[in-house]
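# Chain and residue survey
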Amino acid sequence: MTTMLQVRDLALRRGDRTILSDTSFSLSGGGVAALMGPSGSGKTTVLRAIAGLERFEAGTIVLNGLTLKAGQRHSGDALKKLRRQVGLVFQFHHLFEHLTALRNVTLAPMHVLGVPARFAERRARELLEVLGVEHRASALPRELSGGEAQRVAIARALAVDPPLLMMDEPTASLDPSRRHELGELLSRLADQNRTILLTTHDEDFASRWATTRLRVNNGVVV
Amino acid sequence: MKQQSARRSLLFSLRRRFAFSLCPFPLSLCCFASALLLFYSSAQAKQQELRWAGDPEGGAPFVEADPTDPNKVTGFDVEIAELIAKGVSRTPRFLFAPYASIDQAIERGTADIGLSGMEDTPARRAGMATTIPYYAFREVLAVRDADAGTFRRLADLKGRRVGTLGGTIAYEILLQAERRYGLQAVSYDDDVHPYSDLSLGRVDGVLLDNVLAERRRKTMSGITVQPDPVATSHYVGVLASRNASLRDAANEVLRTAMGDGTLERIFRKWGVWNDDQPALYARLIARQPVPPVAMADSDGTIGVATLSRWQATLRYVPSLIKAAAVTLVLSCLSMALAVALGVLIASGRVYGTAVPRLVLTGYVELMRGTPVLLQLFVIYYGLASVIKLPAFVAALLGLALNYAAYESEIYRGALEAVPTGQLEAARTLGFSERQVLQLVRGPQAFRIALAPMTNDFVALLKDSSLVSVLTVVELTKQTQIFATNLGSWVIPGTLCATIYLVMSLPLGALARRLERHWKAPTV
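Conventions used here
- Residues numbered from 1 in each chain as written.
- Chains lettered and ligands numbered in written order.
- Predicted model: local features only at pLDDT ≥ 70, side-chain atom pairs only at ≥ 80, totals over all residues.
- Helix = DSSP H or I, 4+ residues; strand = E, 2+ residues; numbered from the N terminus.
- Contact = placed C-beta atoms within 7 Å.
- Buried ≥ 20, exposed ≤ 12 C-beta atoms within 10 Å, placed from the backbone.
- Pairing = 2+ DSSP bridges.
- Axes fitted to C-alpha atoms, helices over the stretch in contact; angles between N-to-C directions.
- Nonpolar A, V, L, I, M, F, W, Y, C, P; charged D, E, K, R; others polar.
- Core = buried A, V, L, I, M, F, W, Y, C linked by C-beta atoms within 7 Å.
- Expected span 1.5 Å × (residues − 1).
- Parallel < 35°, antiparallel > 145°, perpendicular 65-115°, else oblique.
- Left-handed = near helix turned anticlockwise from the far one by under 90°.
- Arc of directions from axis to C-beta.
- pLDDT = per-residue confidence, 0-100.

Our focus in this paragraph is the overall build of chain A. When you go through chain A residue by residue, the secondary structure sums to seven helices and 10 strands. Across chain A, contacts joining residues at least 24 apart in sequence account for 66% of those joining residues at least 6 apart.

Looking only at helices and strands, chain B has 19 helices and 14 strands in total. The burial tally for chain B puts 42% of its 523 residues in the buried class.

Attention now moves to the sheet that holds strand S4 (residues 58-63) of chain A. Backbone hydrogen bonds hold the strands of a sheet together, and the pairing may be parallel or antiparallel. Residue and element names in this part refer to chain A. Read across the open sheet, the four strands follow the order S2-S1-S4-S5; overall the sheet is antiparallel. Each edge of the open sheet is held by one strand with a lone partner, namely strand S2 (17-28) and strand S5 (66-69). Adjacent strand axes in the sheet meet at a mean angle of 15°, parallel and antiparallel pairs treated alike. Pairing of S4 with S5, which is carried by four bridges, proceeds in the antiparallel orientation. Looking across to S5, one finds that Val 62 is bridged to Thr 67. Strands in contact with helix H2 (residues 76-85) are S4 and S5; relative to S5, the strand with the most contacts, it is inclined by about 120°.

A few words now on unusual backbone geometry. The backbone of Asp 22 of chain A shows a phi angle near 50°, a positive value even though the residue is not glycine. Its location among the elements puts Asp 22 of chain A in strand S2. Its identity as a non-glycine residue notwithstanding, Ser 89 of chain B has a phi of 55°, on the positive side. Positionally, Ser 89 of chain B belongs in the loop between helix H3 (76-87) and strand S4 (91-96). With 9 C-beta atoms counted inside 10 Å, the residue Ser 89 of chain B sits in the exposed group.

Once that is clear, we can look at the interface of chain B and chain A. Every contact between the two is made by 19 residues of chain B and, on the other side, 23 residues of chain A. Among the elements of the structure, helix H16 (420-428) and helix H17 (433-463) of chain B are those that each provide at least two residues to the side of chain B that touches chain A. Class assignment of the residues belonging to the side of chain B that touches chain A gives a composition of nine nonpolar, seven polar and three charged.

A word on the nonpolar core. Counting residues in each nonpolar core, the largest one holds 127 residues, and the members touching the most others are Ile 106, Ile 113, Val 162, Leu 207, Ala 395, Val 467 and Leu 470 of chain B. Here this core gets 14 residues from one element, more than from any other, and that element is helix H15 (residues 391-417) of chain B. By size, the runner-up hydrophobic cluster in this structure holds 74 residues, among which are Leu 27, Leu 35, Leu 82 and Met 167 of chain A.

A few words now on the pairing of S4 of chain A. All names here are of chain A. Pairing geometry for strand S1 (residues 3-14) and S4, over five bridges, is antiparallel. Residue pairing for S4: Arg 8 is matched across the bridge by Thr 60. Turn length for the S4-S5 hairpin, with the two strands adjacent in sequence and antiparallel, is two residues, and the turn residue Asn 64 shows positive phi of about 50°.

Attention shifts here to helix H5 (residues 146-158) of chain A. Residues and elements named next belong to chain A. The end-to-end C-alpha separation of H5 is 18 Å, in line with the 18 Å expected for 13 residues at 1.5 Å each. Extensive coverage of H5 is indicated by the burial of 11 of its 13 residues. Here H5 has its buried residues at Glu 148, Ala 149, Gln 150, Arg 151, Val 152, Ala 153, Ile 154, Ala 155, Arg 156, Ala 157 and Leu 158. Tucked inside the fold, the buried residues of H5 contact strand S6 (86-89), helix H3 (101-111), helix H4 (117-130) and strand S7 (164-168).

Residue and element names in this part refer to chain A. Contact pair H3 / H5: the axes reach a minimum separation of 8 Å and the direction vectors enclose 20°. Taken as axis vectors, H3 and H5 run roughly parallel relative to one another. For the pair H3 and H5, the sense of crossing is right-handed. Two secondary-structure elements touch here, H3 through Ala 101, Asn 104, Val 105 and Ala 108 and H5 through Val 152, Ala 155 and Arg 156.

A separate point is the environment of Glu 82 of chain B. In this structure, Glu 82 of chain B sits in helix H3. Counting along the chain gives 11 residues from Glu 82 of chain B to Arg 93 of chain B, while the straight-line C-alpha distance between them is 8.9 Å.

Next up on the list: helix H9 (residues 244-259) of chain B. All names here are of chain B. In this model H9 runs 22 Å from its N-terminal to its C-terminal C-alpha over 16 residues, within 8% of the 22 Å that 1.5 Å per residue would give. Of the positions making up H9, those classed as buried are Leu 246, Arg 247, Ala 250, Leu 254, Ala 257 and Met 258. An end-on view of H9 places all buried positions within 115° of arc, on one side of the element. Contact partners of the buried residues in H9: H3, strand S5 (113-114), strand S6 (129-130), strand S13 (238-239), helix H10 (262-269) and helix H11 (276-285). Looking at the residues trailing H9, positive phi occurs at Gly 261, about 85°.

Here we come to the packing of H3 of chain A against H4 of chain A. All names here are of chain A. At their nearest, the axes of H3 and H4 sit 9 Å apart, and the two run at 130° to each other. Judged by the inter-axis angle, H3 sits oblique to H4. Relative to H4, H3 is oriented so that their crossing is right-handed. Counting all contacts with H3, which are made through Ala 101, Leu 102, Val 105, Thr 106, Pro 109 and Met 110, the residues of H4 involved are Ala 117, Ala 120, Glu 121, Arg 123, Ala 124, Leu 127 and Leu 128. Counted by class, the contact of H3 with H4 contains 10 nonpolar, one polar and two charged residues.

Our next topic: the pairing of strand S12 (residues 231-235) of chain B. All names here are of chain B. Among the five residues that make up S12, five are buried, leaving the element largely enclosed by the rest of the structure. Direction of pairing for strand S7 (residues 135-144) relative to S12: antiparallel, over a ladder of five bridges. In the strand pairing of S12, Glu 139 is matched with Ala 231. Pairing of S12 with strand S14 (residues 294-295) involves two bridges; the strand directions are antiparallel.

We now examine the confidence of the model for chain A. Per-residue confidence for chain A gives a mean pLDDT of 89, with 97% of residues at or over 70. Looking at the elements of chain A, mean pLDDT is at its lowest for strand S10 (residues 220-221) of chain A, recorded as 66, and at its highest for H3 of chain A, recorded as 96.

Moving on to the confidence of the model for chain B. Across chain B, the average pLDDT comes to 85, with 87% of residues at 70 or higher. Across residues 1-27 of chain B the pLDDT falls below 50, and counting only partners more than four positions away or on other chains, this stretch makes seven contacts in the model.

So, in structure tokens, the structure goes:
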């Protein structure tokens, strides 16, 4: 199986604080990988670094042949290529507050990929339906529940069809039945040859649904 | 001195307050009587003063700050005030009042008499207690030397701009001449800039009294004062109508000074004595009536006070509406420009590198930290040697540049108020920074900025009144002119307030509608 993501000797500091040091792991294509560890262990920072939102002091990140190097401001071109490969669902979703759920999902396909509006809308409605929130298509983010907002955020990330979908603490705002639904959804996505990398504290969820489990402790993946 | 004595009497009364409660009744009565006596004597002292109001900005020979001691004033009006004060056994005390507000200062009792080249208008005679005239002047036309042969009279200035001080007899004459000869009257707030604009070619003539014209001709080259007067009038002292007895006493002092040569000595000293004065004095000593204004060549009436209030109002309503249109157009254009510049400045400060950020911050601080009035002066008069901007353009630019600084701060705040998480979400979806601004940050910032923006527009609508210093006659200036000529602020003020409300209330409604529209989801 080919390696899809390789994180090698990643080190990241903010001021005097070491967030990550010598973090290394790799993922092959497909499957659900869970990055686990206590709060403040650096899980979210790993995802942010892979998504090109954080600069790092040492190490490299290689994603589908695209390399992010340490100490550099990533070029616009590199970031553009990177973000075709990776999607990120934030813990607090960060939906665009001025747009309906549907427009949140259609915005990137239309303006980043140049998909015509009617195709983007059809695809968005399909995604919202698959995720069980099609009936909330015309609601504003502030009108959605935490679970609904999360599923709209997943639909938004999936709309640009990234081979690697990362999710930060996706189970945090879900009740047990919703967690189960999420697990099933992630499995289905992984079956479609998509790689899922998520962070979680939830041991049960990880053991039930993750195909790979990585543990982060004090910024080190063990 | 006065403050010290007030402090002493306060201490005295405090000490006595304690004594009051313990002392027997006769002693308390004594203290009370002493306190009353103190108050009475202080009030008496005040009455011994003749508080006279003038505007030193008018300068010599009227009233100016004494070059040897700027805390004192000097000028022929100062000497006339001293003369009248001495004649009525009082001590003169000078009080500053802006020229256009001297009547109001007198009416509300801030000062007893106004002396600062106050014109003898029908409105003043009707609404105030004016003294007999003490100086006769001529309204004279000043033109550039090169035009001296062409522009001899107002009738020669068809289609030309002619400047003067707003709210004066000369301005009323120019308004009549607008209708009769088709010239354009331009109103100034001072008597210096009409002449400098004449030199610069912004106006082709200036109509003002001979005292002001001669003063300017002596200091500026290239100006010819035409010999034939357009009209004649006088300077008078202005008192409140309830103060007729003091006015009568002042009249007797002036008549005596006309007869014994005191006034002649004063005016000779200031270099403004001429043959018009003996003729005026002879009529006044003989107690013959003197009309306020005499036109040299027409049967025109000057000032609206000779008309009824309603006739006057009807006459001024079209010009008020025209001025309101100037206010509205100026405000809309200035705001549009301020918004565009504000967006650029805010974007530069949020997205720019260190140097542009520093420059833009400097600009914002400069514009916010200095008065808009000063900025308007610099743009119109200060830059005139480099670029001669038309008054309206200078006003538009001045307001826009000033408001752009405030707008940019609103937009910067609004841009920074959009949660960073949303911006990061947009970036991870592959949007470029420009797309993030256009599709995510900008629309949300606009919603945040809308309410303060509307607020600023309403403020700008009213701040636009400041541009009258650049000769743009907008609503407030036109109201002021109307009020000066009518001798009352009641009708002009009410009309002006109504027009401002009619303009600003729909703006508020429009803003609320826009806010509702923009708060609705974008489907």
